[in-house]
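Close look at the chain arrangement
Each chain, written out:
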Amino acid sequence: MSDMSTKWEDLPKKYETLAGRALTTAIVHDEVEPTCHPLREKNKFVISPGLLAGTPAPSSGRLSVGGKSPLTGGIKEANAGGLTATRLGKIGIRAIVIEGMPDTDDWYSIVVGKEKAEIVKTNDYAGMGLYDLIEKIGEDYDHRPGIIGCGIAGQRLLKSAGIFGNNIENTDPGRYAGRGGLGAVLGSKRIVAIISDDHGCDTPKPKDEDKFTEGRKALAKALNNHPVTGRLEDEEGNPYGGLKNYGTNILMNIINEAGGLPTRGFKSGRFDHAAKVSGEAVHELVDKTNKKFGDKAEGKYGHPCHPGCVMACSNIVPYEDTGKAHVSPLEYESAWALGTNLEISDLQDVAELNRLCNDLGLDTIEAGNTLAMLMEGGMIDYGDGPAAIKALKQAYDASSPLGRLVCSGAKVVGETLGVSRIPVVKGQSLPAYDPRAIRGIGVTYATSTMGADHTSGYTIAAEILGVKGKVSDPREIEKAELSRNFQATTAYIDSSGYCVFIAFAILDDDDGFNGMVDTVNGFLGKEIDVAQYGLDVLEMERNFNKAAGFTNKDDRLPEFFHTEQLPPHNVTFDVPPEEIDKVYEDM
Ligand code: SF4
């Protein structure tokens with residue numbers, strides 16, 4: 001972007017097996033100075049579709065974005081669905097690397113397609129709400145392009161800014177690689193959108209077609225049959241697959257029952273009104289509005305976030321009074337961050353907060369925790385949905401200090417308001433599982449190379465959901481091995497293009513696991529060691545963070561988790577530092 005040029009490069013041999021998170025990590029590790037300012041010319045913004053994106057492997061269309069994070073100061077990868085990964089996979093692009101920074105007030109977009117990579121001036125795209133932006137880009141470009149980019153928050157270089165993606169129908173910009181402030185990195189390059197068009201391109205060809213196809217079928221069968229990831233209904237017509245019927249927000253009531261649902265700014269593990277914003281509540285609302293408004297109703301569950309996702313955990317939440325789409329998707333993390341953690345239990349208020357985040361280009365987890373800091377600091381009352389909506393709307397006003405703050409993350413706002421209980425690790429807000437009630441996820445939050453991040457090592461699968469039998473009591477404190485294993489496997493899955501939710505089925509079904517491995521090996525035409533691949537990714541990330549100045553003293557939860565008891569079980573986080581340090585002891 002410094003000289004406004006583009007060039008194509010062949011994939012270097014050393015990156016031959018890398019894609020998705022593994023490739024964004026390798027490029028950032030190899031090419032970005034760890035101590036550089038994340039919002040200046042030395043940082044790079046890297047986009048990489050997962051290895052299998054664009055192929056018919058089920059649920060394999062995830063897109064990774066990476067760079068040095070302005071929120072954590074460390075390496076960052078975030079991934080999402082949407083249309084872009086499949087588009088890039090078909091074009092045959094393994095990665096896009098955006099480097100440099102223009103000396104200009106203009107705004108640009110990048111357009112890629114078959115043998116095409118252009119930087120175009122798009123000042124008219126800047127400053128728009130993202131619902132309007134995707135509609136405009138949809139009019140400007142044929143063939144329903146993949147679109148990712150940054151919104152108002154990223155264009156103002158604010159730390160809660162995520163990378164949005166358009167949904168399959170191009171009606172909602174809600175497919176977010178939200179975490180780590182990477183929207184601000186893209187904004188620092190003066191780029192609003194990356195538009196991809198795979199018209200005229202072919203489906204990528206596996207090197208070993210038979211192995212790939214057999215693997216794909218075995219994985220699809222495992223996903224379809226598992227009660228978490230499986231089909232919508234059983235043989236009797238009753239709801240079957242948990243994700244398809246209730247989305248990730250099926251977790252709301254489960255985690256609440258476990259006493260681990262962070263409530264009122266991490267002051268309790270249980271919220272009396274959690275059910276009102278749960279996946280079951282969304283399911284009922286969709287059924288009700290579909291019945292009432294018939295063909296005009298737009299609510300949905302069982303909605304895929306990218307072409308070819310068979311688990312389809314996404315949803316479209318309708319307005320109750322019209323049946324029209326309000327927001328898509330409402331995930332568990334968002335319903336928690338913008339709902340129960342703020343003691344807001346009106347589903348339409350929560351949907352509206354989520355819609356505003358999608359429109360402004362904000363990570364919902366960071367935005368929700370930031371609103372909690374405004375509540376802790378006495379600027380809004382807990383439970384006041386309309387006041388939270390009003391505060392978030394301030395972000396549209398470039399001259400509003402509150403508008404800037406509300407997009408700047410929980411750490412900045414908590415410190416600004418004199419709050420001593422700020423739930424962050426390495427500057428990034430905690431997600432929707434209180435680590436005092438579920439210790440393994442606390443070890444992941446503490447040690448993840450990404451700052452507090454549940455997806456980087458989702459021990460909840462073993463600790464709460466009992467996948468592969470209940471292998472780990474959430475109250476135990478010896479969790480280093482569990483967290484490390486989940487972190488390594490996740491790094492592999494995040495590189496393959498598969499959605500991490502396939503883990504529910506493949507951990508329970510060996511045929512499904514082997515099928516998944518066969519698709520990757522069949523595509524590459526070589527055998528990959530799953531655990532070693534993941535560990536290699538983690539090692540690069542850890543090395544980058546060490547060179548950026550992190551030590552194991554940064555692998556700790558905030559003090560209040562150790563000293564304040566969490567009702568209803570009245571527990572503290574008492575995993576000792578020696579156990580936490582075991583996760584990365586040899587890296
Ligand atoms: S399971 Fe859900 S999050 Fe994962 S790829 Fe499918 S729709 Fe997207």
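From a predicted model like this one, the values you see are computed outputs, not experimental measurements.

1. Let's talk about the overall build of the chain
Secondary structure assignment for the chain yields 23 helices and 14 strands. Compactness check: the chain gives a C-alpha radius of gyration of 22 Å against a globular reference of 25 Å for 587 residues, within 12% of the reference. Viewed in the frame of its principal axes, the chain has a C-alpha envelope of about 60 × 55 × 55 Å. Per-residue burial over the chain gives 62% buried out of 587 residues. Contacts spanning at least 24 positions in sequence make up 70% of the contacts within the chain whose residues lie at least 6 apart.

2. Re the sheet that holds strand S3 (residues 75-80)
Strand order in the open sheet formed by four strands is S3-S2-S1-S4, with antiparallel pairing between adjacent strands. In the strand order of this sheet, the two ends are held by S3 and strand S4 (96-98), each with one partner. Along the sheet, successive strands turn relative to each other by an average axial angle of 15°, direction set aside.

3. Some remarks on the domain arrangement of the chain
On domain assignment, one finds that the chain holds domain 1 (13-196) and domain 2 (233-398). Taken together, the contacts link 29 residues of domain 1 with 30 residues of domain 2. Interface area, domain 1 with domain 2, both sides summed: about 2,300 Å², of which 52% is carbon and sulfur. Considering only the side of domain 1, the residues that lose the most area to domain 2 are Ser59, Tyr131 and Arg175, jointly responsible for 24% of the buried surface there. The partner of Arg175 in a salt bridge is Glu331, with the nearest N and O atoms 3.7 Å apart. When its residues are assigned to classes, the side of domain 1 that touches domain 2 shows eleven nonpolar, twelve polar and six charged.

4. So, the environment of Glu9
On the secondary structure map, Glu9 appears in the segment before helix H1 (20-31). On the basis of relative accessibility, which here comes to 59%, the residue Glu9 falls in the exposed class. Considered as a pair, Glu9 and Val350 are 341 residues apart in the sequence and their alpha carbons are 45 Å apart.

5. A look at the packing of aromatic side chains
On inspection of all chains with the given rule, the structure shows eight aromatic pairs. Residue placement shows Arg231 over the ring face of Tyr240; its charged tip is 4.4 Å from the ring centre.

6. Remarks on the pattern of salt bridges
Under the criterion given, the structure shown has 36 salt bridges. The salt bridge partner of Asp124 is Lys136, with a shortest N-O separation of 3.9 Å. Residue Asp124 is found in the loop between strand S6 (116-121) and helix H3 (130-140), and its partner Lys136 is found in helix H3; the two are separated by twelve residues along the sequence. On the accessibility criterion, Asp124 (45% relative accessible area) is partly exposed. Judged by relative accessible area, Lys136 falls into the partly exposed class, the value being 25%. We note a salt bridge from Lys479 to Glu463, for which the minimum N-O separation is 2.7 Å. Taken together, the residues Lys479 in the loop between helix H17 (460-463) and helix H18 (480-496) and Glu463 in helix H17 connect sequence positions 16 residues apart. Linked by salt bridges that have partners in common, Lys267, Glu376, Arg421 and Glu564 make up one network.

7. Digging into the sheet that holds strand S10 (residues 300-303)
Pairing within the open sheet is antiparallel, and its three strands lie in the order S10-S11-S12. The sheet is open, and its two borders are formed by S10 and strand S12 (325-327), each paired with just one other strand. On average, each strand axis in the sheet is tilted by 35° relative to the strand beside it, whichever way the strands run. Here S10 runs beside strand S11 (residues 314-318); their pairing, made up of three bridges, is antiparallel. Each residue of the ladder has a partner; that of Lys300, found in S11, is Ile316. Its contacts with the sheet place helix H11 (residues 347-360) against S11 and S12, and it is angled at close to 70° to S12.

8. A closer look at the environment of Lys121
The residue Lys121 is located in strand S6 in this model. Along the primary structure Lys121 and Ile110 are separated by eleven residues, whereas in three dimensions their C-alpha atoms are 8.9 Å apart. If we ignore the near neighbours within four places in the chain, the residues touching Lys121 are Asp106, Trp107 and Tyr108.

9. A closer look at unusual backbone geometry
Residue Ser328 is joined to Pro329 through a cis peptide bond whose omega torsion reads -10°. In this fold, Pro329 is placed in the loop between S12 and helix H10 (332-337). In this structure, the amide linkage connecting Pro567 to the following residue, Pro568, adopts the cis form with an omega of 5°. Summarising the element assignment, Pro568 is placed in the loop between helix H22 (560-563) and helix H23 (577-581).

10. Some remarks on the side chain of Arg179
Along the chain, Arg179 turns up in the loop between strand S8 (164-165) and helix H5 (182-188). Note on Arg179: relative accessible area 9%, which makes it buried. Here Glu366 takes part through its side chain, which lies 3.4 Å from a polar atom of the side chain of Arg179. Excluding its chain neighbours within four sequence positions, the residues that come into contact with Arg179 are Lys76, Ala78, Asp363, Ile365, Glu366, Gln428, Ser429, Pro431, Ala452 and Asp453.

11. Remarks on helix H21 (residues 530-548)
An ideal rise of 1.5 Å per residue puts 27 Å on 19 residues; H21 measures up with 28 Å between its terminal C-alpha atoms. In this structure, the buried side of H21 is in contact with H1, strand S2 (63-68), S3, helix H16 (439-447), H18 and helix H20 (510-524). Where H21 begins, the side chain of Asp529 points an oxygen toward the backbone nitrogen of Ala531, at a separation of 3.1 Å. The positive-phi residue at the C-terminal boundary of H21 is Gly549, with phi of around 115°.

12. Topic: the nonpolar core
Counting residues in each nonpolar core, the largest one holds 133 residues, and the members touching the most others are Tyr332, Trp336, Leu371, Tyr433, Tyr492 and Tyr498. Split by domain, this core shows at least three residues from each of two domains, domain 1 (13-196) and domain 2 (233-398). In this structure, Tyr433 is in contact with Leu251, Ile255, Gly260, Pro262, Tyr332, Glu333, Ile438, Ile441, Tyr445, His454, Tyr458 and Ile460, ignoring residues within four places of it in sequence. Membership of the second largest hydrophobic core comes to 29 residues, among which are Ala78, Cys150, Ile163 and Ala177.

13. Topic: the side chain of Lys76
Within the secondary structure, Lys76 is located in strand S3. The buried charged residue Lys76 lacks any salt bridge, with Asp453 as its nearest oppositely charged partner at 4.6 Å. In terms of polar contacts, Lys76 uses its side chain to reach the backbone carbonyl oxygen of Met450, at 2.7 Å. If we skip the residues at most four places from it in the chain, Lys76 touches Val65, Gly66, Gly67, Ser69, Arg179, Gly180, Leu182, Gln428 and Met450.

Parameters and conventions
Residues numbered from 1 in each chain as written. Predicted model: local features only at pLDDT ≥ 70, side-chain atom pairs only at ≥ 80, totals over all residues. Heavy atoms only, no water. Helix = DSSP H or I, 4+ residues; strand = E, 2+ residues; numbered from the N terminus. Rg over C-alpha atoms; globule rule 2.2 N^0.38 Å. Buried < 20%, exposed > 50% of the residue type's maximum accessible area, 1.4 Å probe, protein only. Contact = heavy atoms within 4.5 Å. Pairing = 2+ DSSP bridges. Axes fitted to C-alpha atoms, helices over the stretch in contact; angles between N-to-C directions. Domains from an automatic or database assignment. Buried area = accessible area lost by both parts, 1.4 Å probe. Salt bridge = Lys/Arg side-chain N within 4 Å of Asp/Glu carboxyl O. Nonpolar A, V, L, I, M, F, W, Y, C, P; charged D, E, K, R; others polar. Phe/Tyr/Trp six-rings, centres within 6.5 Å; stacked < 30°, edge-to-face > 60°. Lys NZ or Arg CZ within 6 Å of the ring centre and 35° of its normal. Polar contact = N/O pair within 3.5 Å; in protein donor to acceptor, adjacent residues only side chain to side chain. Expected span 1.5 Å × (residues − 1). Core = buried A, V, L, I, M, F, W, Y, C linked by side-chain atoms within 4.5 Å. Lys, Arg positive; Asp, Glu negative; His and termini not counted.

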